[in-house]
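# Overview (structure and organization)
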Amino acid sequence: RPSFFRATQHLTSGFLIDFAEAGRTAPVRANFVAIHLWAKGYRDTDVDPNGNWLVAGGVLAARVSLGVGGWRITEISTEPTCRCGVGFREMIETK
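What counts, and where the lines are drawn
- Residues numbered from 1 in each chain as written.
- Predicted model: local features only at pLDDT ≥ 70, side-chain atom pairs only at ≥ 80, totals over all residues.
- Heavy atoms only, no water.
- Patch = residues over 30% accessible without salt bridge, like charges linked within 9 Å, V, L, I, M, F, W, Y side chains within 5 Å.
- Areas by Shrake-Rupley, 256 points an atom, 1.4 Å probe, with all protein chains shown as cover.
- Salt bridge = Lys/Arg side-chain N within 4 Å of Asp/Glu carboxyl O.
- Helix = DSSP H or I, 4+ residues; strand = E, 2+ residues; numbered from the N terminus.
- Buried < 20%, exposed > 50% of the residue type's maximum accessible area, 1.4 Å probe, protein only.
- Phe/Tyr/Trp six-rings, centres within 6.5 Å; stacked < 30°, edge-to-face > 60°.

A contiguous nonpolar surface patch, about 400 Å² in accessible area, is contributed by Phe15, Ile17, Phe19 and Trp71. Checked against the element boundaries, Phe15 lands in strand β1 (residues 5–17). According to the relative accessible area criterion, Phe15 is partly exposed, its value standing at 47%.

Rendered as structure tokens:
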């Protein structure tokens, strides 16, 4: 299946891991910014390809667990808090 995007970049920062909560699991919180350039033929085909993009930022929530091989992510979710660009309605419809 072809990708919707010709390029993406995902940035994370500000990780907070609460190891004090329990021994073998811990909640995680971080911030994210996700940058996407639509592939040719997707979304707004009337604009310059370099203007056919979307960006979302928000909060990442996760849970990590300690196993035999070390800490592993066992749950993860994102809560977008800001968006700009084209194609957000289409992204929601493709979930």
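According to the stated counting rule, one finds 3 aromatic pairs in the structure shown. A centroid spacing of 4.7 Å and a plane angle of 35° characterise the contact between Phe5 and Trp38, whose relative ring orientation is tilted. A residue pair is termed long-range when its members are at least 10 positions apart, and Phe5 in strand β1 and Trp38 in strand β2 (residues 25–38) qualify at 33 residues. Per residue, the accessibility class of Phe5 equals that of Trp38, and both read buried. One aromatic cluster is present, formed by Phe4, Phe5 and Trp38 through successive ring pairs.

As far as function goes, none of this settles anything; it's purely spatial.
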